[in-house]
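Spelled out from the first residue to the last, the chains are:
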Amino acid sequence: MAKYIFVTGGVTSSLGKGIISASLAKLLQARGLKVTIQKFDPYINVDPGTLNPYEHGECYVTEDGAETDLDLGHYERFLNIFTSQANNVTTGRIYQTVINKEREGAYLGKTVQVIPHITDEIKRRMLLLGKSGFDIVITELGGTVGDIESLPFIEAVRQLQWELPDEDCLVVHLTLVPYLKAAKELKTKPTQHSVKLLSQEGVNPDIIVCRTERPLTPEIRRKIALFCNVKVDAVIESADAATIYEVPLTMMREKLDQICLKKLAIQNYHEPELGKWKEFLDKLKYPKNKVNIGLIGKYIELQDAYKSILEAFVHAGAINECSVNVVNIHSEFISEENVNEKLHNLDGLLVAPGFGMRGIEGKILAVKYARENNLPFFGICLGMQMSVIEFARNVLHLKDAHSTEMNADTTHAVIDLMEEQKKVTAKGGTMRLGAYPCHLKAGSRAKQIYGSDTISERHRHRWEFNNDYLQAFEENGMIASGRNPESGLVEIIELNGHPYFVGVQYHPELKSTVENPHPLFVSFIDAAKNFAEEKNASKRPSLQSETI
Ligand code: GLN
């Protein structure tokens, strides 16, 4: 029988519920328990796949092709396990299920209502993963306590708290304890209010995790305990950390895992085994080298849009004992005139995934610069497609080469809509999604990097390399080093004679974890390190993380 931990949030959004949930899960996993995490989001979209990154950050894709919240990326990166469609549920999906059942006649004669029908469906999904052999299922509730749309989720937690045995369920509430400079004091009132709100909705938290910029004094802890009906040791300090990967250790110092184990009456565990994790943190904290990597994208001002890429850099940097300084470069503002000036200090260039016309020509100019200047290049999805267009235009001299996504009338559609996509009209969940196998060409760089013949990577796209042009590309030095064994779709391109020029149609960033940094990111950072070493380091001005 699984036990259930619910994580709610109060006071404001962006307190890091995902990181706290993932850190707690990590500690419990390190103690030998089988743990998973799921996210319940109160918005009405069936999934975040149709949301603009400006609205919701990156859309994370699971092995089974679910388009999900970016917190699932944190869960996978921390726990080194796969999540699935079942790990992300929205209000939209809940209502869709209930309404479909109503249409089928499942509730014949009954009025379908929020309570019990919607809450029953929420509870059914909250308990679902508990039937797959996990010891603990952590459920993170999106949104902030007090939001109208999160009410049915809180109500479902309230009911479960009564229905499940006492020791099978607990609630962790994450709040903010702000420091008021003028008063020189930490303030507990917002926490008191948010716990009060939660209690009014029928849920009494067992543990309060306090996000704070300053240490909580014993007096503050006592005050929060007194007003919020918890024991003093259940008031947990979560101070700002230098990196999110430090949080499991700070939570361990605060004994968050031990308090959970006690309340859940779990006895079968050992001391946390965090050797590999600590090794990674050490390397992350004390790098021996530094590289400047340009991240070319159009959502550059919003770091959440490229979350998994940024985290994959952290993992690959640590294993290379190298600090990765990401220089954010807005593709819309790259022009022929300024491309040299913007890119000449870089040691590597990653062209990001994306959709639509905006910023395309800037991406193509950046690829050209990397190709011509032997600058390590890594293109992901749209970034790979842009490298194909650049090669077609400037090496194969197909001047109007393009993707039909941006120019339906191009005479050289080197990137074209996939055959199976041609009949697709609906937008939600209809891309080529999730894990597909890819066969690697003997003697290629890709094969050398992965060290195997066949790999599996996750996809999210509608367009692809047009195989009518493959021969011309390969004869001129851009080879397809990875292809789908069944359909022949080109999944990886690489450039002969370039120190590092790799484009992938899939999203390797989604599979990079602390314990398994992605081989492509690791080799890319290694190539950037070599590039940096070859340059006269002393002559280069150092770059800070910045937006150009
Ligand atoms: N827009 C491109 C396509 O659909 C690339 C998608 C992506 O970068 N994820 O094929």
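Quick summary incoming for the structure in this document. (Residues numbered from 1 in each chain as written. Predicted model: local features only at pLDDT ≥ 70, side-chain atom pairs only at ≥ 80, totals over all residues. Heavy atoms only, no water.)

Details of the packing of aromatic side chains
Considering all chains together, one arrives at 16 aromatic pairs under this definition. Judged by centre distance (5.0 Å) and plane angle (70°), the ring pair of Phe378 and Phe521 falls under edge-to-face. Of this pair, Phe378 sits in strand β15 (residues 377-380) while Phe521 is found in helix α18 (residues 519-534), placing the two residues 143 residues apart along the sequence. Of the two residues examined, Phe378 and Phe521, each falls in the buried class. Plain terms: the ring middles of Phe378 and Phe524 are 5.4 Å apart, the flat faces sit at 55° to each other, and that makes the pair tilted. Taken together, the residues Phe378 in strand β15 and Phe524 in helix α18 connect sequence positions 146 residues apart. Just as Phe378 is buried, Phe524 falls in that class too. Taken together through their ring pairs, the aromatic side chains of Phe313, Phe378, Tyr500, Phe521 and Phe524 make up a single cluster. (Phe/Tyr/Trp six-rings, centres within 6.5 Å; stacked < 30°, edge-to-face > 60°. Helix = DSSP H or I, 4+ residues; strand = E, 2+ residues; numbered from the N terminus. Buried < 20%, exposed > 50% of the residue type's maximum accessible area, 1.4 Å probe, protein only.)

Remarks on the sheet that holds strand β20 (residues 463-465)
If you walk across this open sheet you meet the 3 strands as β16-β17-β20, and the pairing is mixed. The two strands at the open ends of the sheet, each matched to only one other strand, are β16 (402-403) and β20. Summarising the sheet, strand β17 (residues 413-417) and β20 pair through 3 bridges and their orientation is antiparallel. The partner of Ile415 across the bridge, within β20, is Phe465. Packed onto the sheet, helix α15 (residues 382-394) meets β16, β17 and β20 and runs at close to 150° relative to β17. (Pairing = 2+ DSSP bridges. Contact = heavy atoms within 4.5 Å. Axes fitted to C-alpha atoms, helices over the stretch in contact; angles between N-to-C directions.)

What about the pattern of salt bridges?
Counted under the stated rule, the structure contains 35 salt bridges. Ionic pairing is found between Glu321 and Lys288, a salt bridge with its closest N-O pair at 2.8 Å. Of the two residues, Glu321 sits in the loop between α12 (307-319) and β13 (322-330) while Lys288 sits in the loop between α11 (275-285) and β12 (289-297), which places them 33 residues apart along the sequence. Judged by relative accessible area, which is 25%, Glu321 ranks as partly exposed. Notably, a salt bridge pairs Glu372 with Lys368, separated by 3.5 Å at the nearest N-O pair. A residue pair is termed a helical-turn pair when its members lie 3 or 4 positions apart in one helix, as Glu372 and Lys368 do in helix α14 (residues 360-372) at 4 residues. Overlapping salt bridges bring together Lys39, Asp41, Asp69, Asp71 and Glu140 as one network. (Salt bridge = Lys/Arg side-chain N within 4 Å of Asp/Glu carboxyl O.)

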